[in-house]
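Structural overview
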Amino acid sequence: MISRIFMPAILALSLIPICATQAGAAKIPWQPNWNSAVTQGQRSHRLILVDFYTDWCGWCKKMDADVYPNPAVAQAMTQYVPLRLNAEQNGAALARRYKVHGYPTIMVLDESGNVVDRFAGYMKPADFAEWLGDTVHNHAAASKERPTTQMSRIHETTKFIPSHQGDPIEAAPTLALAQKYLDRGDVVGAGRIAVKVAHNGGSIPAAFYGKLGDAALQDKKLDAAWGWRQMEIKSAKSPDEKAYAQLQSARVELTLGSITQATTHLKSLTQNDTTSDTIKSQAQALLDEIDAPEAKNVR
């Protein structure tokens, strides 16, 4: 008799964790579609965060289960207009437009649809909340000042790759070893080594970061390609070396769909007295392509 009396209460208590999880996830007001997100972004002057996912993506499900219900993440997301799109269904056209090839891909756009930042893969809740805050802060700072090309992270290539005991990358990272990995087509391994060499106080030539950028672009790892170009810019020793890296970075930005950012960087190259005539000519050619009628129609 007692068990029957208390059974409803026990059943109700057993559902509390489920309800709490669902309530946590519900704190993020996902927009129903792209047009709604753009409208909200323009009205509130907030950045738009797009989560491209697929039904079969395991890491996407882990983001849903572990990351989005997190209170710190939900709080950080209030600075954005959030939108989730199935890259194979209602988000297929936008996934093609922004060259999305891996899932999940988290993309931050301004109210005009230009890419502010992006990464592919899974982030732990604390890292994701930090990234959300950093992205808003960096964008606000860049809006007040002249946009810069300083890189904050290279998400796809280094941060989330596990290390293993006995791994030569962990034991003795050198530039020569990085080149060996790159020669055999292991761009991820070469990138890990380069980052470790730099973290250990070693020097990585700008040209090597450029090689990593070229290889990543060839593999259609656009986020990584952009990140390596920023490292190339930071490591450049001469004005010509830096200008070349900035030109290649702008090319990647155009591929990513960040037209405004690319245009700003290309104009800077054409107006800089230290830029060589060859780089100026190439930068101007890209600007002419952006201003061409057919390019405007695409945008």
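The text that follows walks through the structure, step by step, so that each part is easy to find. Please read these numbers as outputs of a predicted model, since none were measured by experiment.

1. Overview of the packing of aromatic side chains
Using the criterion set out here, one finds eight aromatic pairs in the structure. Ring plane angle 85° and centroid distance 4.9 Å describe the contact between Phe-119 and Trp-131, whose orientation is recorded as edge-to-face. Linking Phe-119 in strand E4 (residues 115-120) with Trp-131 in helix H7 (residues 125-144), this pair joins segments that are twelve residues apart in sequence. Here Phe-119 matches Trp-131 in class, with each residue buried. On the numbers, 5.9 Å between centres and 20° between planes, the contact of Phe-128 with Trp-131 is stacked. In this pair, Phe-128 and Trp-131 are both assigned in helix H7, three residues apart and thus about one turn of the helix distant. Relative accessible area serves as the criterion here: at 0%, Trp-131 is assigned to the buried category. Taken together through their ring pairs, the aromatic side chains of Trp-30, Tyr-68, Phe-119, Phe-128 and Trp-131 make up a single cluster. The ring centre of Trp-30 lies 5.7 Å from the NZ or CZ of Arg-84, which sits over that ring.

2. Observations regarding the state of the cysteines
Considering all chains together, one arrives at one disulfide under this definition. With a sulfur-sulfur separation of 2.3 Å, Cys-57 is cross-linked through a disulfide to Cys-60. Sign of the S-S torsion, about 85° for the bond between Cys-57 and Cys-60, identifies this disulfide as right-handed.

3. Concerning the nonpolar core
Leu-182, Phe-208, Tyr-209, Leu-212 and Trp-228 are the most contacted members of the largest nonpolar core, which has 24 residues in total. Residue assignment for this core shows that the elements contributing at least two residues are helix H10 (175-183), helix H11 (187-199), helix H12 (206-218), helix H13 (222-235) and helix H14 (239-256). If sequence neighbours within four positions are ignored, Tyr-209 has contacts with Ala-194, Ala-198, Ile-204, Trp-228, Met-231, Glu-232 and Ser-235. Formed by 20 residues, the second largest nonpolar core is a distinct cluster that contains Ile-28, Tyr-122, Met-123 and Leu-132.

4. Comments concerning the packing of H14 against helix H15 (residues 259-271)
The geometry of H14 relative to H15 is characterised by a closest axis approach of 8 Å and an angle of 155° between their N-to-C directions. Accordingly, the angle class assigned to the pair H14 and H15 is roughly antiparallel. Where H14 crosses over H15, the two elements pack in a sense that is left-handed. Facing Ala-243, Gln-246, Leu-247, Ala-250, Glu-253 and Leu-254 of H14, the residues of H15 in contact are Ile-259, Gln-261, Ala-262, His-265, Leu-266 and Leu-269.

5. Concerning the environment of Leu-212
Positionally, Leu-212 belongs in helix H12. Each C-alpha atom of the pair Leu-212 and Trp-228 lies 6.3 Å from the other, and the pair is 16 residues apart in sequence. When neighbours within four sequence positions are excluded, Leu-212 is seen to be in contact with Leu-182, Val-187, Ala-190, Gly-191, Ala-194 and Trp-228.

Parameters at a glance
Residues numbered from 1 in each chain as written. Predicted model: local features only at pLDDT ≥ 70, side-chain atom pairs only at ≥ 80, totals over all residues. Heavy atoms only, no water. Phe/Tyr/Trp six-rings, centres within 6.5 Å; stacked < 30°, edge-to-face > 60°. Helix = DSSP H or I, 4+ residues; strand = E, 2+ residues; numbered from the N terminus. Buried < 20%, exposed > 50% of the residue type's maximum accessible area, 1.4 Å probe, protein only. Lys NZ or Arg CZ within 6 Å of the ring centre and 35° of its normal. Disulfide = S-S within 2.5 Å. Core = buried A, V, L, I, M, F, W, Y, C linked by side-chain atoms within 4.5 Å. Contact = heavy atoms within 4.5 Å. Axes fitted to C-alpha atoms, helices over the stretch in contact; angles between N-to-C directions. Parallel < 35°, antiparallel > 145°, perpendicular 65-115°, else oblique. Left-handed = near helix turned anticlockwise from the far one by under 90°.

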